[in-house]
Amino acid sequence: TALGQQLRALFCALPPGESSFRTVEEVPDYVEKSIPFFITFIGLEFAVSWIQKRKLPGRINDGISSLSLGILSRLPDVLFRSIELISYIYVWNNCRLFELPWDSPWTWYLTLLGVDFAYYCFHRMSHEVNILWAAHQVHHSSEDYNLFTALRQSVVQKYTSWMFNLPMALFIPPSVFAVHLQFNLLYQFWIHTEVITKLGPLEWILNTPSHHRVHHGRNPYCIDKNYGGTLIIWDRIFGTFEAEDAKVVYGLTHPVNSFDPIMLQLRPLAHIWNTFWATPGFCNKLSVIFKGPGWGPGKPRLGLPEEIPVITGKEVPFNPYVPAYINSYALVHFAVIVDLYTELLASVSVLSQGTVLLRIGFIILSLVSFGLLMENKSKAGILEIIRCLVFIGVYKLGYFRSQFSFLGYAYEV
Ligand SMILES: [Zn+2]
Ligand SMILES: [Zn+2]
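What counts as what
Residues numbered from 1 in each chain as written. Chains lettered and ligands numbered in written order. Predicted model: local features only at pLDDT ≥ 70, side-chain atom pairs only at ≥ 80, totals over all residues. Heavy atoms only, no water. Domains from an automatic or database assignment. Contact = heavy atoms within 4.5 Å. Buried area = accessible area lost by both parts, 1.4 Å probe. Patch = residues over 30% accessible without salt bridge, like charges linked within 9 Å, V, L, I, M, F, W, Y side chains within 5 Å. Areas by Shrake-Rupley, 256 points an atom, 1.4 Å probe, with all protein chains shown as cover. Salt bridge = Lys/Arg side-chain N within 4 Å of Asp/Glu carboxyl O. Helix = DSSP H or I, 4+ residues; strand = E, 2+ residues; numbered from the N terminus. Buried < 20%, exposed > 50% of the residue type's maximum accessible area, 1.4 Å probe, protein only. Donors = N, O, S within 2.8 Å, 3.2 Å for Na, K, Ca; no water. Tetrahedral: all angles 85-135°; square planar, octahedral: opposite > 155°, others 65-115°. Core = buried A, V, L, I, M, F, W, Y, C linked by side-chain atoms within 4.5 Å.

(A) Highlighting the domain arrangement of the protein chain. As far as domains go, the protein chain holds domain 1 (2–238), domain 2 (269–307) and domain 3 (324–411). Centre-to-centre separation of domain 1 and domain 2, based on C-alpha positions: 29 Å. On the side of domain 2, 10 residues touch domain 1, which itself brings eight residues to the contact. Both sides of the domain 1 and domain 2 interface together cover about 790 Å² of buried area, and 60% of this is carbon and sulfur. Sorting the residues of domain 1 by area buried against domain 2 places Glu128, Asn130 and Ile131 first, and these three jointly supply 64% of that buried surface.

Here is the structure:
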């Protein structure tokens, strides 16, 4: 059934016979169709974590922050077609050397390997080249590790990842590529969890929750390890594999300490900018951009391992105190924004450019406001009042709609 197919797409377990298409236009939007599954799995993770350890798998503030970044990262796709596909199709149309048959299982399996290897290269570069790291670090900024973390994505990362796929455009049809690009992304959803410990022999070949926990760790033994997407074989081949050992402490070695989705994107970029101007010499300035995030004059390309902060196990995640009603308020209003966002996705083709931009602007304003509220910032209250006034005005004028018709009345106050 369609539901079973969609479920298997999440685990890269849709065989070639069910996921080969002649043209890109026929390829389903597996990612968008997975949103109900994301919600279901998150609910399951809560239940299992409660049964296993009597504790929740994460915190409200960190979870909302992750989902805000997830929504933010997909907003450009509302306006533009994905750059990954545009560039790929361009190379295919203009430079291809030969055409592998789109309906052969061999092409399907080769593309699985090709997309995963390209992901390994891109992901490793994203950790070893400072300017790419500035984009990718967003995904690592959560100090919890749960299915919300999987959705915590950078806005700009897809503008750095597309070029790694272009060699495949010389011989692999775009329709096959478009399927595996999504499968590779979707596979990485379920591995962001602590409720699955180890998976026996599967740990040899597949990227698993255990392997990816190491990737998200800031313990010195975890740094720059386990870059794989679907498969872990690339790490084993190229010497970047590390098995899970001491308890992993999650997040960045130098935490950003914010729930504001804009700040989480920009502050590390500002750090590179400041380091760039503070570092003397033209070649050194170039090295600030293109060598590792830990590099400095006189140090090896990836910095000195002894400079990575030691983990004591007593690290306290960023968790500013706010009254429970503020967190509940943020949660309820965040749910309203998720509703607006999914309604926007569903109706974007019939909306005017102006309405789309207005909705996107309001979504961004809201996510920032929730972030500041949960950080207990002094100006958060004023921003939130402005946001609510904008909401009422814009809703009255008919620029917003809910997916749930009964909310149509609730908003009419
Ligand atoms: Zn990473
Ligand atoms: Zn991850």
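(B) Quick peek at a nonpolar patch on the surface. Nonpolar side chains collect at one region of the surface, where Ile131, Ile262, Leu266, Leu269, Phe282, Leu286 and Phe290 lie side by side and expose about 640 Å² of accessible area between them. Elements supplying a minimum of two residues to the nonpolar patch: α14 (261–278) and α15 (282–290). A relative accessible area of 34% means that isoleucine 131 is categorised as partly exposed.

(C) Up close: the coordination of the zinc ion (ligand 2). Around the zinc ion (ligand 2), the protein supplies His139 (NE2), His192 (NE2), His212 (NE2) and His216 (NE2) as donor atoms, at distances of 2.1 Å. One can describe the donor arrangement at the zinc ion (ligand 2) as irregular, given that its four donor atoms subtend angles of 94 to 157 degrees at the metal. Donor residues for the zinc ion (ligand 2), ordered by position in the chain, follow H-x52-H-x19-H-x3-H. The two metals, the zinc ion (ligand 2) and the zinc ion (ligand 1), are separated by 5.9 Å.

(D) Quick look at the nonpolar core. Counting residues in hydrophobic clusters, the biggest one holds 40 residues, and the most contacted among them are Tyr30, Met168, Phe177, Phe183 and Phe189. Mapped by element, the contributors of at least two residues to this core are α2 (30–33), α3 (35–53), α5 (83–95), α6 (105–128), α8 (147–151) and α10 (174–190). In terms of residue count, the dominant contributor to this core is α10 (10 residues). When sequence neighbours within four positions are dropped, the list of residues in contact with tyrosine 30 reads Gln6, Ala9, Leu14, Glu18, Ser19, Phe21, Val179, Gln182, Phe183 and Leu186. Core analysis: the next-biggest nonpolar cluster, separate from the first, contains 26 residues, Val155, Phe334, Phe370 and Val394 among them.

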